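Per-entry structural report
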Amino acid sequence: MPRRAHTARHRRLVQELRRLREQAGLRQEDVARELDWSLSKQEKIERGAIGIRIADVRAMLDLFGLTGPEHREQYDALVRLARDARVKGWWNDYADAIPGWFESYVGLEADASGLLIFQDQVVPGLLQTEDYARAVYEAVRPPLETSKIDRAVAARMERQGRLTDETPLKIHAVLDEAVLHRQFGGRAVLQAQLRHLRHMARHPEADIKIQVRPFSAGAHPAVGTSFVILRFQHPGDGNPDVVYLEDLTSSAYLEEDPHLFRYNLAFEDLRATALPEDESIALIDRLAERLSEQEGGRDGEP
């Protein structure tokens, strides 16, 4: 059976069901007993570890007391949310190319209104060219089969559709200057990638801001840590942000206020100490031009 990435809609549904249970003064054990299912199932529902059937949502809402006419609007809205949360996204067609630990991120990204990105190693996936993305995947060890790389690159390109759709994903990316020098795929690939960054930062249908934090800016509060803060705009959410972190084989999602506060504070520091947008694009242009000159000089050597 193909995997299904849980979306922000699923996350909101889980949060609301948990809130309603607590408001009703019920424990997870109470819900499991009253609805005649296992405590394990209830725990997985509230962790967001499994999908939720529409019938189960209706049963929980009835148990939580949302049965009168005064609750009809809320009841119907939550049932619609449960139905929407079960709709498959485009990424389900790429289940063979998206690692299990990354699938939830893709689902969240699809529903996010904006991303705050700090990257100190590589151009963010949403801003990569196809050749650059391929070079990144070719660097994976142990090596991936060519067919798997093809599928992974195709999935990454599909993700980028959100950048210019009817409601474009708002991006604010701060890149360490090192990202602009690291030659994934060689000089020509990096040069094209730099020009693509400039193009996306000026794209009339996108909402993308790129800042470069130069080497001269010195130390910062996120040394050694790249991260993404996903933002959502849904009425009723307390603090809907999610911080996403990843390493070679796993990922982490941070949603508690202390984590959100610290990462937002770190991003604010990174943004404030990075070059302004126009100066950042000018630096990117200079580096791309330098690569062009180096390429021309090499080609002209005897």
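Provided above is the structure to which this section pertains.
Only a predicted model underlies this, so the values are computations on that prediction, with no experimental measurement involved.

**Details of empty space enclosed by the protein**
Following the criterion strictly, the structure yields two cavities of 30 Å³ or more and no others. Here the second largest cavity defines a volume of roughly 30 Å³. What lines the second largest cavity is Trp90, Val106, Glu109, Ala110, Arg159 and Arg162. No other element matches helix α6 (residues 100-111), which puts three residues into the lining of the second largest cavity. When its residues are assigned to classes, the lining of the second largest cavity shows three nonpolar, no polar and three charged.

**Describing the side chain of Asp120**
Secondary-structure assignment places Asp120 in the loop between β1 (114-119) and α7 (130-138). Arg182 is the oppositely charged side chain nearest to the buried, salt-bridge-free Asp120, at an N-O distance of 6.8 Å. Within the local environment of Asp120, its side chain forms a polar contact with the side chain of Ser226, the two groups lying 2.7 Å apart. If near-sequence neighbours (up to four positions away) are discounted, Asp120 is found in contact with Asp176, Ala178, Val179, Arg182, Gly224, Thr225 and Ser226.

**Details of the packing of helix α1 (residues 8-23) against helix α3 (residues 39-47)**
It is the contact of α1 with α3, at a shortest axis distance of 8 Å, that shows an interaxial angle of 125°. Judged on the interaxial angle alone, α3 and α1 are oblique. Here α1 contributes Val14, Arg18 and Arg21 to the contact with α3, which in turn contributes Gln42, Ile45 and Glu46. Residues of the contact of α1 with α3, tallied by class, amount to two nonpolar, one polar and three charged.

**Digging into the nonpolar core**
The biggest cluster of nonpolar side chains holds 50 residues, and the ones touching the most others in it are Leu115, Leu127, Ile171, Leu180, Leu194, Leu197 and Leu230. If you look at the next biggest cluster of nonpolar residues, it comprises 20 residues, including Leu20, Ile45, Met60 and Val79.

**Description of the sheet that holds strand β5 (residues 242-246)**
Strand order in the open sheet formed by six strands is β3-β2-β1-β4-β5-β6, and the pairing between neighbours is mixed. Two strands close off the open sheet at either side, each with one partner strand: β3 (207-213) and β6 (251-254). Neighbour to neighbour, the strand axes of the sheet diverge by 15° on average, direction disregarded. One ladder, built from three bridges, connects strand β4 (residues 227-231) with β5; its direction is antiparallel. Within β5, the position partnered with Ile229 by the bridge is Val243. In this fold helix α10 (residues 257-273) packs onto β1, β2 (170-176), β3, β4, β5 and β6, with an angle of close to 110° to the strand it touches most, β4.

**Concerning the environment of Ile284**
Among the secondary structure elements, Ile284 is positioned in helix α11 (residues 277-300). C-alpha separation for the pair Ile284 and Tyr132, spaced 152 residues apart in sequence, amounts to 16 Å.

**Remarks on the packing of aromatic side chains**
All chains considered together, the criterion is met by seven aromatic pairs. An aromatic cluster of at least three residues, connected via ring pairs, comprises Phe102, Tyr105, Tyr244 and Tyr253. One residue, Arg72, lies across the ring of Tyr75, its end atom 4.9 Å from the ring centre.

Calculation criteria
- The numbering scheme is per chain: residues are counted from 1 as the chain's sequence reads.
- Local features are withheld for residues below a pLDDT of 70 in this predicted model, meaning they are given only at 70 or higher, and side-chain atom pairs are given and counted only at 80 or more; totals for whole chains, interfaces and linings count all residues.
- Side-chain figures throughout are based on the complete set of non-hydrogen atoms in the structure, without hydrogens or water.
- Two kinds of site are reported from a 1 Å grid over the protein atoms alone, namely cavities, where a 1.4 Å probe fits but cannot get out, and pockets, open sets with protein on both sides within 12 Å along at least five of seven lines, and residues are called lining when an atom falls within 4 Å of a point.
- Grid points are joined across faces, edges and corners, and a volume is the space filled by probe spheres set on the points.
- What counts as a helix is a DSSP run of H or I of at least four residues, what counts as a strand is a run of E of at least two, and both are numbered from the N terminus.
- Lys, Arg, Asp and Glu make up the charged group, whereas Ala, Val, Leu, Ile, Met, Phe, Trp, Tyr, Cys and Pro make up the nonpolar group; the residues left over, Gly among them, are polar.
- Each residue gets one of three labels from its accessible area relative to the maximum for its type: buried under 20%, exposed over 50%, partly exposed in between, using a 1.4 Å probe on protein chains only.
- Positive charges come from Lys and Arg alone, negative charges from Asp and Glu alone, with His and the N- and C-terminal ends not counted.
- Here, a salt bridge means any Lys or Arg side-chain nitrogen found within 4 Å of an Asp or Glu carboxyl oxygen.
- Counted as a polar contact is a pair of N or O atoms within 3.5 Å, where, for protein atoms, one must be capable of donating a hydrogen and the other of accepting one, and residues adjacent in sequence contribute only when both atoms are in side chains.
- Throughout, a residue-residue contact means that at least one pair of heavy atoms, one from each residue, lies within 4.5 Å.
- Axis geometry follows a simple rule: fit a line to the C-alpha atoms, using only the stretch in contact for helices, then measure angles between N-to-C directions, giving values from 0 to 180 degrees.
- Angle categories are assigned with fixed cut-offs, so that under 35 degrees is roughly parallel, over 145 is roughly antiparallel, 65 to 115 is roughly perpendicular, and the rest are oblique.
- As used here, the term nonpolar core means buried Ala, Val, Leu, Ile, Met, Phe, Trp, Tyr and Cys residues forming a set that is joined through side-chain atoms within 4.5 Å.
- In this analysis, strands are considered paired if DSSP registers two or more bridges between them.
- Pairing of aromatic rings covers Phe, Tyr and Trp, the last counted by its six-membered ring, and requires centre-to-centre distances within 6.5 Å; plane angles under 30 degrees mean stacked, over 60 mean edge-to-face, and any other angle means tilted.
- Counted as over-ring charges are cases with an Arg CZ or a Lys NZ within 6 Å of the ring centre that also lie within 35 degrees of the ring normal.

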